[in-house]
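Summary of structural features
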Amino acid sequence: MATALDRIIEYKRDEVAALKANRSMESLLADAAAASPTRGFARRMSDIVSSGENALICELKRKSPSAGEIMPGADPVAIAKDYENGGAACLSILTDFQSFGGSLGDLAAVRAAVDLPLLRKEFMIDVIQVAEARAFGADAILVILSAVDDALARDLIGAATDLGMDAIVEVHEEDELERANALPSALIGINNRDLKRMVTELETTERLAGRLAPGKSLISESGISEPAHIVRLRKTGAQRFLIGESLMKSSDRQLQCENLRKAS
Ligand SMILES: O=C(O)c1ccccc1NCC(=O)[C@H](O)[C@H](O)COP(=O)(O)O
């Protein structure tokens, strides 16, 4: 049976074809060259980790295949400022519209409003999306190994590096982690969300964390909603966390960020 990810990749192919029909790589690269410099996504997290606190990548997420509507009319700038005031290391801006209600407009608006490094959270299947990400102000991209082969992953990471961006290589299981270890990016995201069963299990990070190659930095992603989860995940060595739904739904986003940032 097709997973949510399979369905997203299916329509992403149409979106990329439409992008190529409307914009040339050259014009996107010209916009990327004119964009303000990258802000050091990986470096910002490392600085926070060195201080002993947790580096949070806080996500703007209006809806999702697993949760349905989360915060339909969310104002991207107001949310981003809550996260910044709460001590987020970086922000994750979903730019997929169909499944997550996001847009490149969100990315550009947040870029102009806050100083934090930004991840363009998108389903990358073509290097033209990487150029587009930089043109709209991204500092990092996501490479989901369940959606791409190693050759394409290398191309996406190479394109990001050429544009001064970082790349998070995202894995869900052992064989993907082995592949990630061999790819030229230091950031590995272990996603606790099983897209086949649509459940999140922190046990996924606990199972895989010890298998990261030396020099790789672990980001634990999905299903984190309370300081106790961070305390548990820190036992695996994780000090970088990607958090969306629970922060979006929090009645005091800034305070919740502060609590998660300091949990140990
Ligand atoms: O969130 C989903 O339902 C989903 C479905 C299909 C592909 C990706 C999906 N989520 C993307 C993410 O990785 C999360 O947005 C991110 O890790 C934050 O997770 P959470 O804190 O659980 O919102």
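Residues numbered from 1 in each chain as written. Predicted model: local features only at pLDDT ≥ 70, side-chain atom pairs only at ≥ 80, totals over all residues.

- Looking at an unreviewed UniProt entry, the protein chain carries the name Indole-3-glycerol phosphate synthase, with the source organism given as Henriciella mobilis.
- What UniProt states about the protein chain under its Pathway (unreviewed entry) heading is, verbatim, "Amino-acid biosynthesis; L-tryptophan biosynthesis; L-tryptophan from chorismate: step 4/5."
- Turning to the protein chain, the UniProt record has this under Catalytic activity (unreviewed entry): "1-(2-carboxyphenylamino)-1-deoxy-D-ribulose 5-phosphate + H(+) = (1S,2R)-1-C-(indol-3-yl)glycerol 3-phosphate + CO2 + H2O". (UniProt positions renumbered as here; feature names shortened; annotations may be inferred.)

1. Considering the site of the ligand
- Lining the immediate surroundings of the ligand are 20 residues, of which Ser 64, Ser 66, Ser 222, Gly 244 and Glu 245 lie closest.
- Elements with a contribution of two residues or more to the shell around the ligand: α1 (4-22), β12 (240-243) and α11 (245-249).
- Looking at the shell around the ligand, its residues break down into seven nonpolar, eight polar and five charged. (Near = placed C-beta within 6 Å. Helix = DSSP H or I, 4+ residues; strand = E, 2+ residues; numbered from the N terminus. Nonpolar A, V, L, I, M, F, W, Y, C, P; charged D, E, K, R; others polar.)

2. Let's talk about the UniProt feature "domain: Indole-3-glycerol phosphate synthase" (unreviewed entry) in the protein chain
- Per the UniProt entry, the sites bearing "domain: Indole-3-glycerol phosphate synthase" (unreviewed entry) are residues 5-259 in this numbering.
- In this annotation, residues 5-259 is assigned 45% helix and 19% strand; the end-to-end C-alpha distance for the span is 32 Å.

3. Remarks on the sheet that holds strand β1 (residues 55-60)
- Spatially, β1-β4-β5-β6-β7-β8-β11-β12 is the arrangement adopted by the eight strands of the closed barrel, whose pairing is parallel. Averaged over all pairs of adjacent strands, the angle between strand axes in this sheet comes to 25°, irrespective of strand direction.
- Inspection of the sheet shows strand β8 (residues 187-191) paired to strand β11 (residues 217-221) by five bridges, in the parallel sense. By the bridge assignment for β11, Gly 189 is matched with Ile 219. (Pairing = 2+ DSSP bridges. Axes fitted to C-alpha atoms, helices over the stretch in contact; angles between N-to-C directions.)

4. Considering the pairing of β11
- Most of β11 is tucked away, with five of its five residues classed as buried.
- Going residue by residue along β11, you find Ser 217, Ile 219 and Glu 221 tucked away on one face and Leu 218 and Ser 220 tucked away on the opposite face as well.
- In this fold, the crossover linking β11 to β12 by way of helix α10 (residues 227-234) has right-handed handedness. (Buried ≥ 20, exposed ≤ 12 C-beta atoms within 10 Å, placed from the backbone. Right-handed = clockwise from strand over helix to strand, strands pointing away.)

5. Regarding the environment of Ala 108
- For Ala 108, the location among the structural elements is in helix α5 (residues 104-113).
- Sequence separation between Ala 108 and Ala 135 is 27 residues, and the spatial gap between their C-alpha atoms is 9.1 Å.
- Excluding residues that lie within four positions of it along the chain, Ala 108 makes contacts with Phe 136 and Gly 137. (Contact = placed C-beta atoms within 7 Å.)

6. Remarks on unusual backbone geometry
- The phi torsion at Met 198 lies on the positive side, around 55°, for a residue other than glycine.
- Taking the C-beta count within 10 Å as the criterion, Met 198 has 12 such neighbours and is therefore assigned exposed.
- The phi dihedral of Ser 222 is positive, around 80°, even though this residue is not glycine.
- With respect to the helices and strands, Ser 222 occurs in the loop between β11 and α10.

7. Let's talk about the environment of Val 127
- Note on placement: Val 127 falls in helix α6 (residues 127-135).
- Once the C-alpha coordinates of Val 127 and Ala 160 are considered, the two residues, 33 residues apart in sequence, prove to be 8.5 Å apart.
- Among residues more than four places away in sequence, those in contact with Val 127 are Asp 155, Leu 156 and Ala 159.

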